[in-house]
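Listed below, chain by chain, are the residues.
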Amino acid sequence: MADIQTADGLNIGSFAVSQRRLPLVGESGKSPSIYSVGTEGLSPFNERPSTSYMSSSIADVNNVTIGESGFFAKTWSELFGEALTQTDTVLEAMNGIEPSVTFPDSDIGQQLKMISRVIKSRDNLNMDRQFFMAEMGGYDAHSKMNENLDFQDAAISRCKNKWSWSTCDVVQ
C-alpha cells in the first residue's frame, strides 16, 4: 500500500510499534523506510555523549568520503545517516504530544497509545498517510479471545470518535 501511495506522490510514514515489521515492508526503492518506535517511543541517539562534538564525530566516521568506498560501506553510511535523521525528526515531531484519551496498561493498549501519539504528530512529520503495525496475541489458544475481541471493538470505536474514520483502515 505504501509503495502505491508513494508512487502517487504522497508523503508516507510506516511505523512498527510491535516487534514485527514485515507487513510494512514494501518493494525496495519504492517504499519509504519503516520507523520503529515501540511502545515507549524513541530514545535520542547517544543520550550521554562523552564529548560535546560526539554526534558530528560519529556522523563523520560513518560517512563515505572517498569514491573507492565499496557497496557495503556506501549502504551502511546511507542507512546509518537515515536512521539518525529519522530518530531526530520523530523525536522533535512528537515532543510534548500525548493522547487525549486513556489507554489500558496492556501491551496492545500501549501500542495503541503510541499510535495515537504518532497520528497526532502527522502534521509535524509532514506526512499525508501513515501505516502502523501493532499486534495482539491470544487468539490461538482461545483463552483470551473474547477479551481481545471486546478490546478490539473498543479500540475501533475510539478511532471512530477521535479521528476521521474515513482516513482509518483496520486490517485484521
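Scroll up for the structure.
Residues numbered from 1 in each chain as written. Predicted model: local features only at pLDDT ≥ 70, side-chain atom pairs only at ≥ 80, totals over all residues. Heavy atoms only, no water.

Q: Please explain the overall build of the chain as it appears in this structure.
A: When its secondary structure is counted, the chain shows six helices and three strands. Start at the N end of the chain and walk to the C end: the helices and strands fall as α-β-β-α-α-α-α-β-α. Looking at the chain as a whole, 29% of its 172 residues are labelled buried. In the chain, the share of contacts with a sequence separation of at least 24, taken over all contacts with a separation of at least 6, comes to 55%. Accessible surface computed for the chain: about 11,500 Å², of which carbon and sulfur atoms make up 50%. (Helix = DSSP H or I, 4+ residues; strand = E, 2+ residues; numbered from the N terminus. Buried < 20%, exposed > 50% of the residue type's maximum accessible area, 1.4 Å probe, protein only. Contact = heavy atoms within 4.5 Å. Areas by Shrake-Rupley, 256 points an atom, 1.4 Å probe, with all protein chains shown as cover.)

Q: What exactly am I supposed to notice about the packing of aromatic side chains here?
A: When we look at a pair of aromatic rings, we describe it by the centre distance and by the angle of the planes. Evaluated as defined, the whole model comprises five aromatic pairs. Between Phe15 and Phe132, the ring centres sit 5.5 Å apart and the planes meet at 20 degrees, which makes this aromatic pair stacked. Of this pair, Phe15 sits in strand 1 (residues 12-16) while Phe132 sits in strand 3 (residues 129-133); the two residues are 117 residues apart in sequence, bridging distant segments of the chain. For Phe132, a relative accessible area of 24% translates into the label partly exposed. An aromatic cluster of three or more residues is present, and its members are Phe15, Tyr35 and Phe132. (Phe/Tyr/Trp six-rings, centres within 6.5 Å; stacked < 30°, edge-to-face > 60°.)

Q: Even after reading the chapter, I still don't get the sheet that holds strand 2 (residues 34-36), so can you show me in this structure?
A: Within the open sheet, the three strands sit side by side as 2-1-3. Their pairing is parallel. Both edges of this open sheet fall to strand 2 and strand 3, since each of them pairs with a single strand only. The average undirected angle you get between the axes of adjacent strands in this sheet is 25 degrees. Two elements, strand 1 and strand 2, share three bridges in a ladder whose sense is parallel. Each bridged residue has a counterpart across the sheet, and for Ser14 the counterpart in strand 2 is Ile34. (Pairing = 2+ DSSP bridges. Axes fitted to C-alpha atoms, helices over the stretch in contact; angles between N-to-C directions.)

Q: I would appreciate a short explanation of the pairing of strand 1 in the present structure.
A: Each regular strand carries side chains that alternate between the two faces of the sheet. Buried residues dominate strand 1, accounting for five of its five residues. Pairing of strand 1 with strand 3, which is carried by five bridges, proceeds in the parallel orientation. In the strand pairing of strand 3, Ala16 is matched with Met133.

Q: In this structure, what is going on with the pattern of salt bridges? I would like to understand it.
A: Overall, the coordinates contain one salt bridge when judged by the stated rule. Notably, a salt bridge pairs Arg117 with Glu98, separated by 4.0 Å at the nearest N-O pair. On the criterion of sequence distance, the pair formed by Arg117 in helix 4 (residues 107-120) and Glu98 in the loop between helix 3 (71-94) and helix 4 is long-range, its members being 19 residues apart. (Salt bridge = Lys/Arg side-chain N within 4 Å of Asp/Glu carboxyl O.)

Everything listed is a geometric property; what it means functionally is a separate question.
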